[in-house]
2 protein chains.
Amino acid sequence: MQKKGILFVVSGPSGCGKGTVLAEVLKDPNLYFSISATTRIMRDGEVDGVNYHFYSDAQFEELIREDGILEYARYCNHYYGTPRKPVEDQLEAGKHVILEIDVVGAMNIRKKCPDAVLLFLMPPSLETLRHRLCKRGTETMEVIEKRVAQADREMACADQYDYIVINDVLEDAVADVQAIIRAESCRNYTEK
Amino acid sequence: MQKKGILFVVSGPSGCGKGTVLAEVLKDPNLYFSISATTRIMRDGEVDGVNYHFYSDAQFEELIREDGILEYARYCNHYYGTPRKPVEDQLEAGKHVILEIDVVGAMNIRKKCPDAVLLFLMPPSLETLRHRLCKRGTETMEVIEKRVAQADREMACADQYDYIVINDVLEDAVADVQAIIRAESCRNYTEK
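Parameters and conventions
- Residues numbered from 1 in each chain as written.
- Chains lettered and ligands numbered in written order.
- Predicted model: local features only at pLDDT ≥ 70, side-chain atom pairs only at ≥ 80, totals over all residues.
- Heavy atoms only, no water.
- Axes fitted to C-alpha atoms, helices over the stretch in contact; angles between N-to-C directions.
- Helix = DSSP H or I, 4+ residues; strand = E, 2+ residues; numbered from the N terminus.
- Left-handed = near helix turned anticlockwise from the far one by under 90°.
- Contact = heavy atoms within 4.5 Å.
- Nonpolar A, V, L, I, M, F, W, Y, C, P; charged D, E, K, R; others polar.
- Polar contact = N/O pair within 3.5 Å; in protein donor to acceptor, adjacent residues only side chain to side chain.
- Least-squares fit on C-alpha atoms with pLDDT ≥ 70 in both.
- Buried area = accessible area lost by both parts, 1.4 Å probe.

1. Observations concerning the packing of helix α5 (residues 126-136) of chain B against helix α6 (residues 141-155) of chain B
Residues and elements named next belong to chain B.
And then number 1: Here α5 crosses α6 at 145°, and the two axes come no closer than 10 Å. By crossing handedness, the relation of α5 to α6 is classed as right-handed. Between α5, through Leu-126, Leu-129, Arg-130, Leu-133, Cys-134 and Arg-136, and α6, the contact on the second element is made entirely by Met-141, Ile-144, Glu-145, Arg-147, Val-148, Ala-151, Asp-152 and Met-155.
And then number 2: For the contact of α5 with α6, the residue count by class is nine nonpolar, no polar and five charged.

2. Re the environment of Arg-182 of chain A
And then number 1: Along the chain, Arg-182 of chain A falls in helix α7 (residues 170-185).
And then number 2: Each residue touching Arg-182 of chain A, except ones within four places of it in the same chain, is listed here: Asp-172, Ala-175, Asp-176 and Ala-179 of chain B.
And then number 3: A polar atom in the side chain of Arg-182 of chain A sits 3.2 Å from the backbone oxygen of Asp-172 of chain B.

3. Looking at the relation of the copies chain B and chain A
And then number 1: Of the transformation placing chain B onto chain A, the axial shift is 0.0 Å and the rotation is 180°, giving an RMSD of 0.0 Å. One copy is carried onto the other by what is essentially a two-fold rotation axis. Closest to the rotation axis within chain B is the C-alpha of Ala-179 of chain B, separated from it by 2.1 Å.
And then number 2: Take the interface residues of chain B: 100% of them recur as interface residues in chain A, which is what a same-surface contact looks like.

4. Quick notes on the interface of chain B and chain A
And then number 1: Listed as interface residues are 23 residues of chain B and, on the opposing side, 23 residues of chain A.
And then number 2: Buried area between chain B and chain A, summed over both chains or domains, comes out near 1,900 Å², and the portion from carbon and sulfur atoms is 49%.
And then number 3: Taken together, chain B and chain A are joined by 16 residue pairs in polar contact (both at pLDDT 80 or more).
And then number 4: Those elements giving two or more residues to the side of chain B that touches chain A turn out to be β9 (163-166) and α7 (170-186) of chain B.
And then number 5: Tallying contributions element by element places α7 of chain B first for the side of chain B that touches chain A, with nine residues.
And then number 6: Its residues placed into classes, the side of chain B that touches chain A shows ten nonpolar, three polar and ten charged.

And the structure:
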């Protein structure tokens, strides 16, 4: 009997280095990164099925009705969500699946998939986060302060997660996430 | 505030490679291996405080009365147990502590220290275990069959543990145990 894979949910505030950490972790071919679905317009350079699965409103709403979406939200008049089938197919095939979603989505996954393992990636401090966002040089100070305030709100939800990884030194954060995935593969699910 | 260490309990049947795996894992200077106390006679080559803490019956019983022993058992008319103070001192100092004890001791630790993390090290099969014990060439077939039967009974308790590590390839088992220790260091203990 093929051992089922584990569903890992990764959240963390904008600027905490989630993308960089996950890019390293996802070099492991036994991991499958879940691609979100959206109804927003495809942007230049984006590829359907790579950046997102691009659906029409009608298609997305049909999926919701069929319980084909694990979690979804509406932002700026568009749907964003996680299609259920590819996640379940990969788990059945024994692959671990990584979902990168926000704290609200993560809490919804916890309800629907109680076996999911939730990781929160943290900046060492809000000060470090502000500094990193400034260094990017792509945002105005006003936007940066909004993001820092948003990060502060999100970090208050970290205590709902199974693991908290602090991204101070990139290599350490990557090794932490890899260790969590490896350890969870040894977890005894028959436990009392 | 210094973050407290975590108490890890490692069990596994005789011949499963516990000693070899732990010797590798304990090269990490942040881990402290708890030395058991016993009232049996010191054997040639043994050193007090290295192989065991050697106590008199009166000393051991005094410790039991003072609740100075985390768990203990009597075999062949001698006490064997885990002194509480060194374990607690190391945990307070932020070091992770490794206890290597049998399944009965592990269940007692679970009751006394509910935050302890329990690992069970498994041979890939009883057949492999029998083969390994034969290869050692130090025991009669009768003793080997007794050990295999004992391993079978112990393995039935594995479902009481938090993690099950299968020692098929040594390097993999070592990496599994190291990953579990690293992952548990990221575990969110404030979790709902």
